[in-house]
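The residues making up each chain are set out below.
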Amino acid sequence: MMDDSRRRRRSSHNKFSEEKELELRLGPPGEEEEEDEEKDEDYWSHHNENKRERNSDESDQSPLSLGYFSSQRIYNYHQDQATKAKASSFLQNMSMVGKESKDAISSSQPCRSEVIEFHNGAVCAEKKALSSPSSANTAAPNSSQKRSAAGPVVGWPPIRSFRKNNASGSTFSKPPLGSHHNHHHHLNLNVEDKAANNTINKEHVNNISGPPNKGMFVKINMDGIPIGRKVDINAYGSYDKLSSVVDHLFRDLLSAQRRDSCGGGSIEKQNQEEEKTMITTGVLDGSGEYTLIYEDNEGDKMLLGDVPWHMFVSTVKRLRVLKKSDLAALSLGGKQGHIHHSK
Amino acid sequence: MKKAAYSFPEEVLEHVFSFIVSDKDRSSISLVCKSWYEIERWCRRKVFVGNCYAVSPPILIKRFPELRSVTLKGKPHFADFNLVPEGWGGFACPWIRAMAGAYPWLEEIRLKRMVVSDESLEIIAKSFRNFKVLVLSSCEGFTTEGLAAIAANCRNLRELDLRESEVEDLSGRWLSDFPDSYTSLESLNISCLGNEVNLLALERLVSRCPNLKTLRLNRAVPLDRLPNLLRGAPQLAELGTGAYTSEMRPDVFSNLAEAFAGCKQLKTLSGFWDVLPSYLPAVYPICSQLISLNLSYATVQSPDLIKLVSRCEKLQKLWVLDYIEDDGLEVLAASCKDLRELRVFPSDPFGLEPNVALTEQGLVSVSEGCPKLQSVLYFCRQMSNAALNTIARNRPNLTRFRLCIIEPRSPDYLTLQPLDDGFGAIVEHCKDLRRLSLSGLLTDRVFGYIGTYGKKLEMLSVAFAGDSDLGLHHVLSGCDNLRKLEIRDCPFGDKALLANAAKLETMRSLWMSSCSVSFGACKVLGQKMPRLNVEVMDESGPPDSRPESSPVEKLYVYRTVAGPRLDMPGFVWTMDDNSALRIS
């Protein structure tokens, strides 16, 4: 152990001058994340190690918090190599860490303001897109800084799948106190609850069998994305969460697709940002450019939100995200059939 | 002649050994000398195989020719959270076939996280005349047809427990396949089944089995059938209800309350799906005798939970949703002084914001009020070092501490610091801590604490934590009793792994997913350590199609005497000392 730390301190001296350079480079993350990826990988983790070692010795507040933020970024830099737009995940992490105390962040983190400047106009749009579409109108002023939940992190939080639907399973019982469920109103769930409580209760017990055992994966296709995906309906107990997940999924897919087809560059970045705001904000409430429909067990194409969640789960066979303009074409009696509303 | 003077006759030794039950002690006995090894192996009746791939059926059978009870575990723990793709392995069939031939007198089979086919169940049903206990915990791959075979053929069955398994529920008729002459049932757990079972058959079965102590129903059993079932089995000690809701009718309620009151031995309650709060008071008559209560499906609010829990003065184990809130946990702490285990599950795990008033305070209250608290599983959305410190000092007798702060990498919400010190306090003060799950913002420091203080730690789960290989190194080099280590999404890589390769042979298994372990390092590990199976999982294609330095998706390393396994699916590669990838 001792040898390790001595070795590390020695190597930290060697790296000291590089570190100085590095600190200056703690600016626009977009730039450096796209260059020198592989080469810097080991270096970043060493740098981080050294910083932490010194920080804990000195027990100084601000280098410590700098260390965390940069380690946050570094860590996610590693993770995000394979996927996602780096800029957006960076912002997500910054905002997540700074959730409770915006002041602490701004005072100790010069590079952050640079980041914001770099993205400039795109930041506001980014922030909007970050929060779940249906809660946008109920969100508190700083909630746009919060990271949206249900970005598909597999296996997190670590609960068994048969536990995942507990809250939603109680569409028929009172919603929990102090929750942000007022955005359910446009789905008319509460009204249906009261009216149909008794009969649906019985159906619920008999038709919707047991704790959901298997993940219930349904295909989802999106206009503009050639290859479909699958989502586990059982993992998300409400329309809101499902739409939020779909929103994330296709935002990422679309931007990845654009990136692949056109290569890097800052102009392209601008386009990506625009793309993000265009996509599925307001999939359910109809404010975005796209909309989410599903195909039920009778082969009919349906709009989401008409029936209680459990009924939806038991009848949905596949999902589709399409441009609202295409929706009109469908309902005009194309070969694919009409769009139905349930009664 | 001389030998006899120095040793007891075999029969005496065997008799002495029969009092030694724990696997560890049995293992120690077998190491004393060759003759003790021989005697021990012939009289061993019960075996626990923590990793079915650590040993093979022929090896087991060869060493222990007269087993009556076998327990096998298959998939790694993270399979519970969908991190192990389908088809990975853990197939019970080869084991069951082999045992069918070798152990005609086998009585008990317990499997966890294994893939069990109907065919396997049929083999069990037909091969073991004295078969008594079948426990399938978190298993999958079978249907109700397999259950029908068990029901129809196992005349001496005592226990049928399907806890948390995924069963393809084709029909509820299987229950009727228990013959009318069958009366030996002691424990039945069908809580995982989706469809209705034949209720009449169930009632008849329950009422003709006088030794039935455990009955865990599935959600589809309606509440108004429960009183009848209870009256048929007043000796019940453990009950899992079905859906706990019905049309509100006064007679249903009074019927239910009366039936509960009639079960004087009832000590454990579970089930409670779809609870209608006004029906909860039906269990009040027996609350004072309850030692275990599982309300983790009960979506009722804190006031109702409080009314229930405050009546359970003998409660030792409580599983509940976070609807209980801090207030409810405070009442729990005041009322249930015998509490040993608490599990609080999230009602809205994917929610954007907290939907309930449950914070770290609830856990602090319980740690203060419940002196016997040993085992904790707690999901929450905020935590502080101060709270963890308090909990650690209050409850140094904790043996299992699993904390899940829902948002990954959440710092101490008061100070914005990492939670290193808080978890450090836990491992420092709780000297008998055997199991720990970490969450929140954590640096390498916490692993330093764990390596220094976690000397009795046997299982550690880590996610989204640490800064560098140093973290992993602390754990592998410091935790003397570590058996299982599972890690996801941490920046741990090659250095720590290779530096501690020998340690891995002293552990059952190591899981690392979404970390920074390179393919090259996995190959080196596999080549250098022939007694380990080093398995790389990658669903995007063969790892050798990418550079050696690129990180593998998932790594599962376990010690084995059986060599590389032969049943791997296409996305699993073993790194063995042939340095050629074996793709099955």
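An unreviewed UniProt entry annotates chain B as Protein TRANSPORT INHIBITOR RESPONSE 1 originating from Arachis duranensis. In its Subcellular location (unreviewed entry) section, the UniProt entry covering chain B states "Nucleus". Entered under Pathway (unreviewed entry) in the UniProt record, the comment concerning chain B runs "Protein modification; protein ubiquitination."

Under the annotation held in an unreviewed UniProt entry, chain A carries the name Auxin-induced protein and is attributed to Arachis duranensis. Looking at the Sequence similarities (unreviewed entry) heading of the UniProt record, one finds this comment for chain A: "Belongs to the Aux/IAA family."

A. A look at the overall build of chain B. Scanning chain B from terminus to terminus reveals 22 helices and 23 strands. Looking at chain B as a whole, 62% of its 584 residues are labelled buried. Accessible surface, chain B: about 21,800 Å² in total, of which carbon and sulfur atoms supply 52%.

B. Spotlight on the overall build of chain A. Regarding its fold elements, chain A presents 13 helices and 6 strands. Considering chain A as a whole, with its 343 residues, one finds that 50% of them fall into the buried category. Counting only contacts in chain A whose residues sit at least 6 apart along the sequence, the fraction spanning at least 24 positions is 67%. As displayed, chain A offers around 16,700 Å² of accessible surface, 51% of which is attributable to carbon and sulfur atoms.

C. Region of interest: the nonpolar core. Formed by 197 residues in total, the largest nonpolar core has its most connected members in Trp-174, Tyr-244, Phe-260, Leu-318, Phe-401 and Ile-450 of chain B. With sequence-adjacent residues up to four places away left out, Tyr-244 of chain B is seen in contact with Leu-223, Leu-256, Phe-260, Phe-272, Trp-273, Asp-274, Val-275, Leu-276, Tyr-279, Leu-280, Ala-282 and Val-283 of chain B. Judged by nonpolar contacts, the second largest core, of 28 residues, contains Val-246, Phe-250, Leu-304 and Val-321 of chain A.

D. Structural view of helix H14 (residues 325–335) of chain B. Residues and elements named next belong to chain B. Of all the residues in H14, the buried ones are Glu-325, Asp-326, Gly-328, Leu-329, Leu-332 and Ala-333. Buried residues in H14, looked at end-on, bunch into an arc of 160°, giving them a common side. Every exposed residue of H14 that faces more than 90 degrees away from the buried side is listed here: Asp-327 and Ala-334.

E. Representation of the pattern of salt bridges in the model. Applying the stated criterion across every chain yields a total of 33 salt bridges over all chains. Its salt-bridge partner being Asp-489 of chain B, residue Arg-488 of chain B comes within 2.8 Å of it at the nearest N-O pair. What you see here is one network of salt bridges that share partners, running through Arg-160 of chain A together with Asp-80, Arg-113 and Glu-164 of chain B.

F. Region of the structure containing the pairing of strand S2 (residues 69–73) of chain B. All names here are of chain B. Among the 5 residues of S2, 5 are classified as buried, and the element is accordingly described as predominantly covered. With burial as the criterion, each face of S2 is covered, one bearing Ser-69, Thr-71 and Lys-73 and the other bearing Val-70 and Leu-72. The pairing of strand S1 (residues 46–49) with S2 spans 4 bridges and is parallel. Bridge pairing in S2 places Val-47 opposite Val-70. Crossover connection from S1 via helix H5 (residues 57–63) to parallel S2: handedness right-handed. Across 5 bridges, S2 lies against strand S3 (residues 108–112) in parallel orientation. What sits directly across from Leu-72, in S3, is Leu-111.

G. Just the packing of helix H16 (residues 385–394) of chain B against helix H17 (residues 420–429) of chain B, in detail. Residue and element names in this part refer to chain B. Look at H16 against H17: their axes get within 7 Å of each other, and the N-to-C directions meet at 5°. Relative to H17, the element H16 is oriented roughly parallel. Counting all contacts with H16, which are made through Asn-385, Leu-388, Asn-389, Ile-391, Ala-392 and Arg-393, the residues of H17 involved are Asp-420, Asp-421, Gly-422, Phe-423, Ala-425, Ile-426 and His-429. Of the residues in the contact of H16 with H17, the class split is 6 nonpolar, 4 polar and 3 charged.

H. Examining a nonpolar patch on the surface more closely. On the surface, Phe-8, Val-12 and Val-16 of chain B cluster together into a nonpolar patch covering about 280 Å² of accessible area. By the element assignment, Val-12 of chain B lies in helix H2 (residues 10–17).

I. How the structure looks around the packing of helix H3 (residues 23–30) of chain B against helix H4 (residues 34–43) of chain B. Two numbers describe how H3 of chain B lies on H4 of chain B: the axes approach to 7 Å, and their chain directions differ by 145°. Listed contacts from H4 of chain B to Arg-26, Ile-29 and Ser-30 of chain B of H3 of chain B are Trp-36, Tyr-37, Glu-40 and Cys-43 of chain B.

J. Structural detail: the side chain of Ser-509 of chain B. Residue and element names in this part refer to chain B. Assignment of secondary structure puts Ser-509 in strand S20 (residues 509–513). Among the residues examined, Ser-509 registers a relative accessible area of 11% and is labelled buried. In this view, Ser-509 contacts Arg-483, Lys-484, Leu-485, Tyr-556, Val-557 and Tyr-558; residues no more than four positions away in its chain are not counted.

K. Representation of helix H13 (residues 302–309) of chain B within the structure. Residues and elements named next belong to chain B. Those residues of H13 lying buried are Ser-302, Leu-305, Leu-308 and Val-309. Around the axis of H13, the buried residues are gathered within 125° of arc, so they sit on the same side. Its buried side turned inward, H13 meets helix H12 (284–287), strand S12 (292–295), strand S13 (317–321) and H14.

L. Local environment of the packing of aromatic side chains. Applying the stated criterion to the full structure yields 24 aromatic pairs over all chains. On the basis of an interplanar angle of 80° and a centroid distance of 5.3 Å, the ring pair of Trp-156 of chain A and Phe-464 of chain B is categorised as edge-to-face. Pair noted here: Trp-156 of chain A is in the loop between helix H8 (121–130) and helix H9 (189–207) and Phe-464 of chain B is in the loop between strand S18 (459–463) and helix H19 (469–478), and the two residues belong to different chains. You'll find Trp-156 of chain A and Phe-464 of chain B in the same group, each marked buried. Ring centres of Trp-88 of chain B and Tyr-556 of chain B lie 5.7 Å apart, and the angle between their planes is 70°; on these two criteria the pair is classed as edge-to-face. Of this pair, Trp-88 of chain B sits in the loop between S2 and helix H6 (93–102) while Tyr-556 of chain B sits in strand S22 (residues 554–559), and the two are 468 residues apart along the sequence. Take Trp-88 of chain B: its relative accessible area is 1%, and that puts it in the buried class.

M. Representation of the environment of Leu-160 of chain B. Residue and element names in this part refer to chain B. For Leu-160, the position within the fold is in strand S6 (residues 159–161). On the basis of relative accessible area, Leu-160 is assigned to the buried category, the value being 0%. As for Leu-160 and Ile-150, which are separated by 10 residues in sequence, their C-alpha atoms are 9.0 Å apart. Those residues in contact with Leu-160, other than ones at most four positions away along the chain, are Leu-134, Trp-174, Phe-178, Ser-187, Leu-188 and Asn-189.

N. Inspection of unusual backbone geometry at higher detail. Trp-156 of chain A connects to Pro-157 of chain A through a cis peptide bond whose omega is -5°. Topologically, Pro-157 of chain A is positioned in the loop between H8 and H9. A positive phi is found at Ser-138 of chain B, a non-glycine position, where the angle reads about 50°. You can see Ser-138 of chain B is positioned in the loop between strand S4 (133–137) and strand S5 (140–143). Even without glycine at this site, Asp-489 of chain B takes up a positive phi of about 55°. Within the element layout of this structure, Asp-489 of chain B appears in the loop between strand S19 (484–488) and helix H20 (494–499).

O. Quick look at the confidence of the model for chain B. Residues and elements named next belong to chain B. When pLDDT is averaged along chain B, the result is 95; 97% of the residues meet or exceed 70. A low-confidence stretch, residues 579–584 (pLDDT under 50), is modelled with 18 contacts involving residues beyond four sequence positions or located in other chains. The ipTM for the predicted assembly is 0.90, set against a pTM of 0.69.

P. Spatial organisation of the environment of Arg-129 of chain B. All names here are of chain B. Looking at the element boundaries, Arg-129 is found in the loop between helix H7 (118–127) and S4. Residue Arg-129 is classed as exposed on the basis of its relative accessible area, which comes to 67%. Sequence spacing of Arg-129 and Trp-105 is 24 residues, and the spatial spacing of their C-alpha atoms is 6.7 Å. Once you skip the residues sitting within four places of it in the chain, Arg-129 turns out to touch Pro-104, Trp-105 and Asn-156.

Q. Quick peek at the confidence of the model for chain A. Residues and elements named next belong to chain A. The predicted model of chain A has a mean per-residue pLDDT of 52, with 27% of residues at 70 or higher. Confidence scores differ between elements of chain A, with H9 showing the lowest mean pLDDT of 35 and strand S4 (residues 301–303) the highest of 86. Low confidence marks residues 168–214, where pLDDT is under 50. Its contacts with residues over four positions away, or in another chain, come to 77 contacts. In the predicted structure, residues 332–339 sits below a pLDDT of 50 and forms 15 contacts with residues beyond four places in sequence or in another chain.

Conventions we followed
Residues numbered from 1 in each chain as written. Chains lettered and ligands numbered in written order. Predicted model: local features only at pLDDT ≥ 70, side-chain atom pairs only at ≥ 80, totals over all residues. Heavy atoms only, no water. UniProt positions renumbered as here; feature names shortened; annotations may be inferred. Helix = DSSP H or I, 4+ residues; strand = E, 2+ residues; numbered from the N terminus. Buried < 20%, exposed > 50% of the residue type's maximum accessible area, 1.4 Å probe, protein only. Areas by Shrake-Rupley, 256 points an atom, 1.4 Å probe, with all protein chains shown as cover. Contact = heavy atoms within 4.5 Å. Core = buried A, V, L, I, M, F, W, Y, C linked by side-chain atoms within 4.5 Å. Arc of directions from axis to C-beta. Salt bridge = Lys/Arg side-chain N within 4 Å of Asp/Glu carboxyl O. Pairing = 2+ DSSP bridges. Right-handed = clockwise from strand over helix to strand, strands pointing away. Axes fitted to C-alpha atoms, helices over the stretch in contact; angles between N-to-C directions. Parallel < 35°, antiparallel > 145°, perpendicular 65-115°, else oblique. Nonpolar A, V, L, I, M, F, W, Y, C, P; charged D, E, K, R; others polar. Patch = residues over 30% accessible without salt bridge, like charges linked within 9 Å, V, L, I, M, F, W, Y side chains within 5 Å. Phe/Tyr/Trp six-rings, centres within 6.5 Å; stacked < 30°, edge-to-face > 60°. pLDDT = per-residue confidence, 0-100.

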